[in-house]
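Structural characterization, general
Single-letter residue listing:
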Amino acid sequence: MNGLWDSIAYFFDSNALNPHGICLMWRPELIWTHAVSDILIGIAYFSIPLALGVFLWHRRDVKFSWAIWMFVGFIMLCGVTHFMMVWTLWNPDYGIEALIKASTAAVSVVTAFALWPLLPRVIALPSPLELERRIAERDAALAELRAAMDTMVEMREHEARQKLLLDELNHRVKNTLASVQSIAVQTLSREAEPEVAKATFVERLMALSSTHNLLVKRSWEGASFHDLVQASLDHYGQPFTLEGPDLAMAPNTAVSLGMALHELATNALKYGAWSNGGQVQISTRLDKAASETAITWREIGGPAVAAPGRRGFGSRLLEQGVAGELGGAVRLDFGGEGLTCTIRTPIGRALHPDDWTFPTAALA
């Protein structure tokens, strides 16, 4: 044991040694050039591993960080070696210097042997350019996927709209066919003469078509009563006046009132005011207190009229069809100057003033 201790003491004994500066003949320019250079190199060697350590501390996801930590230890020992070279310029502690160099050599050899097998794996890692390319490809694929999903959503919405439109078209076609069927049955069963029945049937179909054209302009969302009156009566070329607030109508209401206006106009032309130089006054009135609207057709200046002996298509259309469609009542008065037809109906979605706002959900 004493022999080992003596060997260690002898290894670190510097009494018989001279400092490194004596080899430089103590020339100040050489001494300080070596000292300053080694100090700067040592500081640089300490700064580099410090920067690497801070980087690894914040980026713990870096692969093969253990190899970088080994490199950090090697660089720091190199820095200590250079500081020790400055020390030995004036102090001959070569044993300590040798031990530090031996430690540096051991760490450097281990690091070198660890790095070479690791090199192929490091080379296999994707470069920043490769990573950017892959990220760009991924972003492009995601963009294409989003575009495809948006297209699919649009297609589904389009299919849903098409189905809704087809269902609505089917409903309207059925209603129209039902109206045509009803007109045909009522016309052909009441008219004895085929030519008269044909002319009457065509006139009623044209009236139905006129109302449909008006609804098409509004995308079948409804129609204005004033527009309906103009479309239904202008082509007769007979005098009429229109007064009162305009009314908004649902599509089915517009069809019913359009047919009603046609029947009233035909009757006025054949038997009423328009057959004898008279005119027709059409007015609308709003009773807000009763939440009710009234439409009046009044013929003036025509021949005296009397109630017919039998109820025709026009009377049934007004008293049953229109009244049922609107949930109101229709009254026909045959006076000395001509027919007066009054349609009273509660305000609702079927028929209401243009600027009307429904105060309760029940009315809506």
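One structure accompanies this document, and this report is about it. Sequence positions are assigned chain by chain, starting from 1 and proceeding in written order. Reporting of local features is limited, given that this is a predicted model, to residues whose pLDDT is at least 70; pairs of side-chain atoms are given and counted only at 80 or more, and all residues count toward the totals for whole chains, interfaces and linings. With hydrogens and water stripped out, all remaining heavy atoms of the structure feed into the side-chain values.

1. Side note on the environment of alanine 307
As a reminder, the rule being used: In this description a helix means any DSSP run of H or I spanning at least four residues, a strand means any run of E spanning at least two, and both kinds are numbered starting from the N terminus. Whether a residue is buried, partly exposed or exposed follows from its accessible area with a 1.4 Å probe, protein chains only, as a fraction of its type maximum: under 20%, in between, or over 50%, in that order.
One can find alanine 307 in the loop between strand 5 (292-300) and helix 9 (313-326). In this structure alanine 307 comes out as exposed when scored by relative accessible area, which is 53%. A C-alpha to C-alpha distance of 9.1 Å links alanine 307 and leucine 339, two positions 32 residues apart in sequence.

2. A word on the sheet that holds strand 2 (residues 240-243)
Formally: Only strands joined by at least two bridges in the DSSP assignment are considered to pair. Only C-alpha atoms enter the line fits that serve as axes; for helices the fit covers just the stretch in contact. Angles between N-to-C directions range over 0 to 180 degrees. Between two residues, a contact is recorded if the distance between any of their heavy atoms is within 4.5 Å.
Pairing within the open sheet is mixed, and its five strands lie in the order 2-4-5-7-6. Both outer strands of the open sheet, strand 2 and strand 6 (329-334), are each paired with one neighbouring strand and no more. Neighbour to neighbour, the strand axes of the sheet diverge by 10° on average, direction disregarded. Bridge count between strand 2 and strand 4 (residues 279-287): four bridges; the pairing is parallel. In the sheet register, leucine 242 faces strand 4, and the bridge partner there is isoleucine 282. Relative to strand 2, helix 7 (residues 225-233) is tilted by about 175°, and along the sheet it contacts strand 2, strand 4 and strand 5. Set on the sheet, helix 9 makes contact with strand 6 and strand 7 (339-346); between it and strand 6 the angle comes to about 155°.

3. Comments concerning the packing of helix 2 (residues 28-58) against helix 3 (residues 65-87)
Worth spelling out the cut-off: Here the angle decides the label: under 35 degrees means roughly parallel, over 145 means roughly antiparallel, 65 to 115 means roughly perpendicular, and every other value means oblique. In a left-handed crossing the near helix is turned counterclockwise from the far helix by less than a right angle, and in a right-handed crossing that turn is clockwise. Each residue is assigned to one of three groups, with Ala, Val, Leu, Ile, Met, Phe, Trp, Tyr, Cys and Pro labelled nonpolar, Asp, Glu, Lys and Arg labelled charged, and all others, Gly among them, labelled polar.
Where helix 2 contacts helix 3, the axes come no closer than 8 Å and their chain directions differ by 160°. The orientation of helix 2 relative to helix 3 falls into the category roughly antiparallel. Classified by chirality, the crossing of helix 3 by helix 2 is left-handed. Residue composition of the contact of helix 2 with helix 3, by class: 21 nonpolar, five polar and one charged.

4. Thoughts on helix 8 (residues 251-270)
Short version of the rule: A helix is expected to span 1.5 Å for every residue after the first.
Between its terminal C-alpha atoms helix 8 stretches 29 Å, which fits the 28 Å expected from 20 residues at 1.5 Å a residue. Counting buried residues in helix 8 gives 16 out of 20 residues, a clear majority hidden from the surface.

5. As for the packing of aromatic side chains
Note the following rule: Centres within 6.5 Å make a pair out of two Phe, Tyr or Trp rings, where for Trp the six-membered ring is used; the pair is then stacked when the planes are under 30 degrees apart, edge-to-face when over 60, and tilted otherwise.
For the structure on display, the rule yields four aromatic pairs. Seen from their ring centres, phenylalanine 46 and phenylalanine 83 are 5.6 Å apart, and the 45° between their planes marks the pair as tilted. With phenylalanine 46 in helix 2 and phenylalanine 83 in helix 3, the pair connects residues that are 37 residues apart, well separated along the chain. Its relative accessible area of 32% is what places phenylalanine 83 among the partly exposed residues. Look at tyrosine 236 and tryptophan 274: their rings are 5.9 Å apart centre to centre, the planes differ by 40°, and that puts the pair in the tilted class. One end of the pair, tyrosine 236, is in the loop between helix 7 and strand 2; the other, tryptophan 274, is in the loop between helix 8 and strand 4, and 38 residues separate them in sequence. Note on accessibility: tyrosine 236 and tryptophan 274 belong to one class, buried. Members of the aromatic cluster, joined through ring pairs, are Tyr236, Trp274 and Trp297.

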